[in-house]
Amino acid sequence: MALRFGILLGVRFFPTSSHVLGAGILAAVLSGVAFAWAVPRQSGGGSNPTAKVAQAAANTNPAQSPSTTALSAAHSGLNVVVLDPAHGGTDPGARGTEGITESDEVLQFATATKKALEAQGFQVILTREGNDNPSFDDRSARANAQRGAVFITLHIASTGLTGTARVYVVPEVPASNNITGLIPWDRAQAPFLSLSRKLGDLVQQELSRRFKGSPDTLQTAPVRQLRTTAAPAIAVEISSVSVKERAELDRMVPGVAEAIARGLTDFRPTYVVPTISVPGGSVQP
Amino acid sequence: MTPKWTVWLGGVLLAAVIAAALYFPALRRRVNQAKELTEKTAEQARRELLPVAPVSTGDPMVKVVMFWGSHGQEGELVPVTVELPLSRDPVLRTKQVLNTLLAGPVDAESRTLPPDAALMAFYILPDGTGVADFSDEIRTSIPSGIQSEQLAVESILRTLEANVPQVLRLKILIHGQEADTLAGHVDLTQLFRVNAKDAAGTQLDNPSPPGSKLPAPIRKAVESMRKATKR
């Protein structure tokens, strides 16, 4: 389109044959400007799920294609923890007594957990640090853009026995038949499900040790942002915003942070990036 | 010299313009009020048009297993047997069963679904996929949280599994639309497996962004519900 516009302009202002070169230069300049304007917008807001994963992989090393990156990367181990304080912005989540809102409270839990994890040598990324509300896909994308990452989304329920905490993983995500080795965005969790269960078990054990009444084993639920995460991913839900006073929730903050940090520290030695079988070999997602 | 009739005509036209200008704000107010009224009552009208509790007295009384929340064990479902006149038609039967589930148990604390939520429509596609369209209240009145949303969905699935074997899997819509989540947590873009017999050969692997990659029959059902909602 831009090329055609440039040529038309060139013909209008350089009508003689001696000015064809001028028209060509004008067309090239206009095309270049249009391309530079369009490309960043396409890469930021692309809606093709596979392309998003591909881009996330490419971000780790822009010089290589996603498949090449996956093939050549060494097992890097667990380095990064992406913490996701749920809700935010216009979505306050659960609302309870004393004006407690889930979106505010989870930020406190996330901040304390970040400190506890950094003390154990993890690099921690928060999906939000203020009162904003990234989309589910944006939250998953923070983990998908990393290598050697885990994803933990933090929630506070409006129901449940107060002073307890539960860990969830997604129940099942059908594996992809994609022969390229790229993971479809919708099924990003599939290759990581057994790792997610392992991580979830370890964190749940720590939580049930600290908070009486919490279940001993992890639960399954199709939590939206876990399905699109290409990393071991769990949801931690704390009960509840219906506490009699805010201090009850505040007292849980250090325990939850320690439990998550301890669970991750135990999980770290067992973490191996899974491989996906493709024709002619296997690749790491 | 201007003819007398043109002066009269001009005067009448001028008066008409002034009257219209004076009436216009009131007219606009009325139109806005009528629009708001239409929007508010669209769902009510739909509920009236689609009777949600088709009960036939001629249907035989059948023992039905409903799954409601456990009073003693938090986060658990318990089967409760009730006797209902149930249709043999799987669509009517599903509506009767789900309406009973929505009506809730005697003990209100064992509810899994909000009391003001309603089943707006239900279809079964030829491949055994059920499409259930619930009113907005299922999203707005449910207690927020993974556990409560999971219990709500699980109670629907297990109740259908126990009572309507024709429904192999379920797609949940809210107000005729595909929803990303129930109330911010549980993923509704996927098909839920209802019946264990569906374990083999079923395409459950099509979670999709709203309105994009739905299988054709479900997309048609979603479209028809959207039209009904707009009407």
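Residues numbered from 1 in each chain as written. Chains lettered and ligands numbered in written order. Predicted model: local features only at pLDDT ≥ 70, side-chain atom pairs only at ≥ 80, totals over all residues.

Quick look at the environment of Leu 119 of chain B
Within the secondary structure, Leu 119 of chain B sits in strand S3 (residues 119-124). The sequence separation of Leu 119 of chain B and Asp 136 of chain B amounts to 17 residues, and the corresponding C-alpha distance is 9.9 Å. (Helix = DSSP H or I, 4+ residues; strand = E, 2+ residues; numbered from the N terminus.)

Observations regarding helix H7 (residues 193-210) of chain A
The α-helix winds at 3.6 residues per turn, so residues separated by three or four positions along the chain end up facing the same way. Residues and elements named next belong to chain A. In this model H7 runs 26 Å from its N-terminal to its C-terminal C-alpha over 18 residues, within 8% of the 26 Å that 1.5 Å per residue would give. Every buried residue of H7 is accounted for by Leu 195, Ser 196, Leu 199, Gly 200, Leu 202, Val 203, Gln 204, Glu 206 and Leu 207. If you follow the buried residues of H7, they end up packed against strand S3 (149-157), strand S4 (164-169), strand S6 (233-239) and helix H9 (246-267). (Expected span 1.5 Å × (residues − 1). Buried ≥ 20, exposed ≤ 12 C-beta atoms within 10 Å, placed from the backbone. Contact = placed C-beta atoms within 7 Å.)

Observations concerning the nonpolar core
Residue and element names in this part refer to chain A. Ranked by size, the top nonpolar core spans 104 residues in total, and within it Ile 234 and Val 236 carry the most contacts. Tallying contributions element by element places H9 first for this core, with eight residues. Apart from the residues within four sequence positions on either side, Val 236 is in contact with Ile 152, Leu 154, His 155, Ala 165, Val 167, Val 203 and Ile 260. (Core = buried A, V, L, I, M, F, W, Y, C linked by C-beta atoms within 7 Å.)

Regarding the confidence of the model for chain B
All names here are of chain B. The predicted model of chain B averages 83 in pLDDT, with 74% of residues at 70 or higher. Strand S5 (residues 169-174) holds the highest mean pLDDT among the elements of chain B, 97, whereas helix H5 (residues 216-230) holds the lowest, 59. In the model, residues 205-213 has pLDDT below 50 throughout and makes 19 contacts with residues more than four positions away in sequence or in other chains. Interface confidence for the predicted complex, expressed as ipTM, amounts to 0.71; the pTM equals 0.71. (pLDDT = per-residue confidence, 0-100.)

Some thoughts on the sheet that holds S3 of chain A
All names here are of chain A. Reading across the sheet, the six strands line up as S2-S1-S3-S6-S4-S5 and stay open at both edges, with mixed pairing between neighbours. Bordering the open sheet on either side are strand S2 (123-126) and strand S5 (219-220), each of which pairs with just one other strand. Alignment of strand S1 (residues 80-85) against S2, held across four bridges, turns out to be parallel. Each residue of the ladder has a partner; that of Leu 83, found in S2, is Leu 126. Where H9 meets the sheet, its contacts fall on S1, S3, S4 and S6, and the angle it forms with S6 comes to roughly 160°. (Pairing = 2+ DSSP bridges. Axes fitted to C-alpha atoms, helices over the stretch in contact; angles between N-to-C directions.)

Focus: the pairing of S3 of chain A
Residues and elements named next belong to chain A. The buried count for S3 comes to nine of nine residues, which makes it a mostly enclosed element. The alternating pattern of S3 places Ala 149, Phe 151, Thr 153, His 155 and Ala 157 and Val 150, Ile 152, Leu 154 and Ile 156 on opposite faces, both of which are buried. Bridge count for S1 against S3 is six bridges, and the pairing is parallel. Each bridged residue has a counterpart across the sheet, and for Val 81 the counterpart in S3 is Val 150. Relative to S6, S3 is paired through seven bridges, and the arrangement is parallel. Of the residues in S6, the one forming a bridge with Phe 151 is Ala 233.

Things to note about the packing of helix H2 (residues 90-103) of chain B against helix H4 (residues 146-163) of chain B
All names here are of chain B. Interaxial distance between H2 and H4 falls to 10 Å at its minimum, and their mutual angle equals 140°. Classified by the angle their axes make, H2 and H4 are oblique. Like other packed secondary-structure pairs, H2 and H4 cross with a definite hand, here right-handed. Here H2 contributes Thr 94, Val 97, Leu 98 and Leu 101 to the contact with H4, which in turn contributes Ser 155, Ile 156, Thr 159, Leu 160 and Asn 163. Looking at the contact of H2 with H4 residue by residue, the class counts come to five nonpolar, four polar and no charged. (Parallel < 35°, antiparallel > 145°, perpendicular 65-115°, else oblique. Left-handed = near helix turned anticlockwise from the far one by under 90°. Nonpolar A, V, L, I, M, F, W, Y, C, P; charged D, E, K, R; others polar.)

Topic: the pairing of strand S4 (residues 129-134) of chain B
Residue and element names in this part refer to chain B. Across the six residues of S4, six count as buried, placing the element largely inside the fold. Residues Thr 129, Val 131 and Asp 133 of S4 are buried on one face, and the alternating residues Gly 130, Ala 132 and Phe 134, pointing to the opposite face, are buried as well. Here five bridges tie S3 to S4, and the two strands are oriented antiparallel to one another. By the bridge assignment, Phe 122 is partnered in S4 with Ala 132. Remark: four residues form the turn of the hairpin made by S3 and S4, two consecutive strands paired antiparallel; Gly 128 in that turn has positive phi of roughly 90°. One ladder, built from six bridges, connects S4 with S5; its direction is parallel. Its bridge partner lying in S5, Val 131 is registered against Lys 171.

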